[in-house]
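Read off the chains here:
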Amino acid sequence: MKAIRRFTVRPVLPAALHPLSELARNLRWSWHAETRDLFQSVDPDRWTASGGDPVRLLGSVPADRLAELAEDRRFLRRLGAAADDLRDYVGGDRWYQAQSGGLPAAVAYFSPEFGITAALPQYSGGLGILAGDHLKAASDLGVPLIGVGLLYRHGYFRQSLSRDGWQQEHYPVLDPNELPLVPLREADGTPAQVSLALPGGRSLRARIWQAQVGRVPLLLLDSDVEENDLGERGVTDRLYGGGSEHRLLQEMLLGIGGVRAVRTYCRLTGHPEPEVFHTNEGHAGFLGLERIAELHDQGLDFDAGLEAVRAGTVFTTHTPVPAGIDRFDRELVARHFGPDAELPRIDVERILRLGLETYPGGEPNLFNMAVMGLRLGQRANGVSLLHGQVSREMFAGLWPGFDADEVPITSVTNGVHAPTWVAPEVFRLGARQIGAQRTEDALTVGGSERWDSVADIPDQEIWELRRSLREQLVEETRRRLYASWRQRGAGTAELGWIDGVLDPDVLTIGFARRVPSYKRLTLMLRDRDRLLDLLLDSERPVQIVVAGKAHPADDGGKRLVQELVRFADDPRVRHRLVFLPDYGMAMAQKLYPGCDVWLNNPLRPLEACGTSGMKAALNGCLNLSVLDGWWDEWFRPDFGWAIPTADGQATDEDRRDDLEASALYDLLEKRVAPRFYERGQGGLPDRWIEMVRQTLTHLGPKVLAGRMVREYVERLYAPAARSHRALTPDAARDLAEWKGRVRDAWHDVTVDHVETSAVTTTAELGTTLSLRVLVGLGGLAPDDVEVQAVSGRVDGEDRIADAECVPLKPTGGPDTEGRWVYEGPLSLDRTGPFGYTVRVLPAHPLLASAAELGLLAVPSEESGEGAGVLLR
């Protein structure tokens, strides 16, 4: 029989055990081994059955067991120590509190998904896991962050397989009362809510739930409340679900509702108001509009409000292809804003102008969330050095006339939260070497360039650790594979072969990620005979564990999954190649440490960063990857392998896959497997162990989320906070007025004549020339602009590379036609073909970049024989 109503019945803990509730509700347990060990000791069997979730565990422990624990002095001592440790962690000073330089009082961090723990399934892939790691690292460092997201009642889908290997999606209903969440409440005890206005006089209301991630509060908005109509209740039903309007409403709730939730939280708790707002991808971009509306209510017009909002906003793009960005029809956006809907104080046309693709190659009727994010954020970044370069080229149309390398998008390479992803056995090995506290500090705060203490760990210990982790993965794989086949309809009698799947002494390769086409899940199947030879080699066999989910609407991705599953079902290879369905955090925490090699073969440069290989590296797993994302930045042959790319313009897609798959097989056959199986005099694979040692020594400190968050603080949050403080209402009005005046006058800014003291087209290294430029400034003054000499080595088409920009100075006043003379030196500091030009840019002390306005003036071909003269 089916229940007609459901309740969540919470246990009544004896007074002595009350700290267990505090420990269970703070998600620090998800990365704090001692707290997890404490919960496991409550009831080991129920801990396993609960999936390692303390909230579920406490809801299932019998009262007599709780009474027994309340009298257990040893347990109570451990409980008291864990509770004291959490209070010290949450309240004590950490790295951030020891810094100087006017850091922000608080930072609001918005993301559509957060991967904190499998017990709070609000993530789909890398973006969410990165956001979760960002919050955890901020907590470890003491950064006063407030996380903001949505609470999806179905989360992301659970994946299983049909008998013929087709992906099946399941959407379990999540009850917030059974998750590690508490409702944010008003002073009178009623649930705190935010509300958005919808067309036709309707409203979208959302309750605010709070998860505590160490020191960091995470606010999650939930539209499944009784006050909403059925359609509005479903807005937060599924992560990345629904049609275009559904997604728009999700993103309006995230951005606009999220700012309102932050204001409510700060009002109720006394938390400092954020000075910096960080938008993790474009989904939350509407937050800037809400903040402009707030300033409008304080007396600022739209232009001044825009300047004030931009000053304190950081935008991070994760997308290397335009197709990966959310774009909405302009009419859909227009219908949801204005007098009859949300933000009625703001002119709809001003809102649309922020997101429309009004640049060469854009589609002017589409509202682009990343474009809005860039226009509303004074500081922007990609998530690896290569991705920063790709982003500058992809969005260059927003800064016409500037070379791509001058587009104001920097990069902060992603990192991963080591305490979450490092296996306990790896942590204990480090603790034996340098002590538990130093190991914890190295994994959280970081700061060193190398982990040199790894050199002192004996080879035997490293190899025994690696085999132990591989053995654990073999056991986990067999357990998951058995459950998968039972779901696919197999009977117990036909599954005896699973006991022989994988071998703890065979070279083990891992491949696990989302399954869009560019990640090339099935590249390994390109030449099946060669793959069979590698898997079944009698002396140097290879085994591969694969996992990954295709988006529910991506039938192409599902076909890739099915193709691989059908190959893995072949009795000839099923003991050597395994596909595990339902890839998530719980699986990943076993998979990364247990693999010897982490495989990544995307189409370069479509991988923005790719953090799975970082998590593997922290456990001593070696990377075998295309030079894309972070691997392009940090690869060295001392600790991994690079798969050559065939990305020439003349190579079609099929040919490219053939060439790169062949290179992958060659590497596995001739370099990877021989090194793994080669034994030295002591019977150990000495050269393999040395590569593991080099991975930990050199990559370990680099791939940390602690390093990443420190970079955000120093390079983006602190400058944004200073800009925010400088943009007082009067300063914002002045800057907006100045920008308007400069834009209006810019068509009259010209470079009329350029000349140098050069008399020939050759010169000696170290020569300094005199440069003289005549410029027309129209209605602008010299204080409004900077005139620069731009020089450097030139290519065959006279394009300047590695340019150096030197400001020139005005000499005297304007001539009778209002033109100004600028002069300065031009140093010939490089040999070979050398060239220069001059340009005029807007200049103001409150600009974060000379390219901010997207305006510049350069010489015409008639401006003088010296304009761009080449010295060869």
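Relevant structure appears above.
Worth saying up front: this structure is predicted, and the values here are computed from it rather than measured.

S.K.: Please explain a negative patch on the surface as it appears in this structure.
M.R.: On the surface, a cluster of negative charge is made up of Asp527, Asp529, Asp533, Asp537 and Glu539. Counting through the fold element by element, Asp529 comes out in helix H20 (residues 528-536). The exposure class of Asp529 is exposed, given its relative accessible area of 56%.

S.K.: Sorry, what's going on with helix H6 (residues 73-91) here?
M.R.: Three- or four-residue spacings in an α-helix give side chains the same orientation, since the helix completes a turn every 3.6 residues. Compared with an ideal rise of 1.5 Å per residue, which puts 19 residues at 27 Å, H6 spans 27 Å between its outermost C-alpha atoms and is within 8% of the ideal. Among all positions of H6, only Phe75, Leu79, Ala82, Ala83, Leu86 and Tyr89 are buried. Taken around the axis of H6, the buried residues stretch over an arc of 125 degrees, which confines them to a single face. Residues of H6 that are exposed and point over 90 degrees away from its buried face: Arg73, Arg74, Arg77, Asp88 and Gly91. Those residues of H6 that are buried lie in contact with helix H1 (18-25), helix H2 (33-42), helix H5 (63-70) and helix H7 (126-141).

S.K.: Explain the packing of aromatic side chains to me, please; I cannot follow it from the model alone.
M.R.: To describe a pair of aromatic rings, you give the distance between the ring centres and the angle between the ring planes. In the structure shown here, the tally under the stated rule is 20 aromatic pairs. Relative to Tyr717, the ring of Tyr712 lies with its centre 5.9 Å away and its plane at 25 degrees, an arrangement referred to as stacked. Looking at Tyr717, the relative accessible area reads 1%, which means it is buried. Linked through ring pairs, Trp463, Trp641, Phe676, Tyr677 and Trp688 together constitute an aromatic cluster. Above the plane of the ring of Phe511 lies Arg513, whose end atom (NZ or CZ) is 4.4 Å from the centre. Lying across the ring of Phe157, Lys549 places its NZ or CZ 5.0 Å from the centre.

S.K.: For this particular structure, what's the right way to read the sheet that holds strand E15 (residues 507-512)?
M.R.: Neighbouring strands of a sheet are bound in pairs by backbone hydrogen bonds; such pairs are parallel or else antiparallel. Within the open sheet, the 6 strands sit side by side as E17-E16-E15-E18-E19-E20. Their pairing is parallel. Single-partner strands in this sheet number two, and they are strand E17 (577-580) and strand E20 (640-643). Between one strand axis and the next, the sheet turns by 20 degrees as a mean value, whatever way the strands run. By the bridge criterion, 4 bridges tie strand E16 (residues 542-547) to E17 in an arrangement that is parallel. Opposite Val545, over in E17, you have Val578 as the bridge partner. This element, helix H26 (residues 686-699), spans E15, strand E18 (597-600), strand E19 (622-626) and E20 of the sheet and lies at about 80 degrees to E19.

S.K.: For this particular structure, what's the right way to read the side chain of Ser384?
M.R.: For Ser384, the position within the fold is in the loop between strand E13 (379-382) and helix H15 (385-394). At 3.0 Å, the side chain of Ser384 forms a polar contact with the backbone nitrogen of His387. Within the local environment of Ser384, its side chain forms a polar contact with the backbone oxygen of Ala608, the two atoms lying 2.8 Å apart. Aside from chain neighbours lying at most four places away, what touches Ser384 is Ser411, Val412, Thr413, Ala608, Gly629, Trp630 and Glu633.

S.K.: Whenever I open this one, unusual backbone geometry confuses me. Can you help?
M.R.: Phi is mostly negative for residues that are not glycine, and the peptide bonds are mostly trans. Cis geometry marks the peptide bond from Arg604 to Pro605, where omega comes out at 5 degrees. Residue position: Pro605 is located in the loop between E18 and helix H23 (612-617). We note that Tyr240 has phi near 55 degrees; this positive angle belongs to a residue other than glycine. Relative to the elements of secondary structure, Tyr240 occurs in the loop between helix H8 (230-233) and helix H9 (244-269). At Arg520, a position not held by glycine, the phi torsion is positive, near 55 degrees.

Calculation rules
- Residues numbered from 1 in each chain as written.
- Predicted model: local features only at pLDDT ≥ 70, side-chain atom pairs only at ≥ 80, totals over all residues.
- Heavy atoms only, no water.
- Patch = residues over 30% accessible without salt bridge, like charges linked within 9 Å, V, L, I, M, F, W, Y side chains within 5 Å.
- Areas by Shrake-Rupley, 256 points an atom, 1.4 Å probe, with all protein chains shown as cover.
- Salt bridge = Lys/Arg side-chain N within 4 Å of Asp/Glu carboxyl O.
- Lys, Arg positive; Asp, Glu negative; His and termini not counted.
- Charge placed at Lys NZ, Arg CZ, Asp CG, Glu CD.
- Helix = DSSP H or I, 4+ residues; strand = E, 2+ residues; numbered from the N terminus.
- Buried < 20%, exposed > 50% of the residue type's maximum accessible area, 1.4 Å probe, protein only.
- Expected span 1.5 Å × (residues − 1).
- Arc of directions from axis to C-beta.
- Contact = heavy atoms within 4.5 Å.
- Phe/Tyr/Trp six-rings, centres within 6.5 Å; stacked < 30°, edge-to-face > 60°.
- Lys NZ or Arg CZ within 6 Å of the ring centre and 35° of its normal.
- Pairing = 2+ DSSP bridges.
- Axes fitted to C-alpha atoms, helices over the stretch in contact; angles between N-to-C directions.
- Polar contact = N/O pair within 3.5 Å; in protein donor to acceptor, adjacent residues only side chain to side chain.

These values are about where atoms sit, not about what they do.
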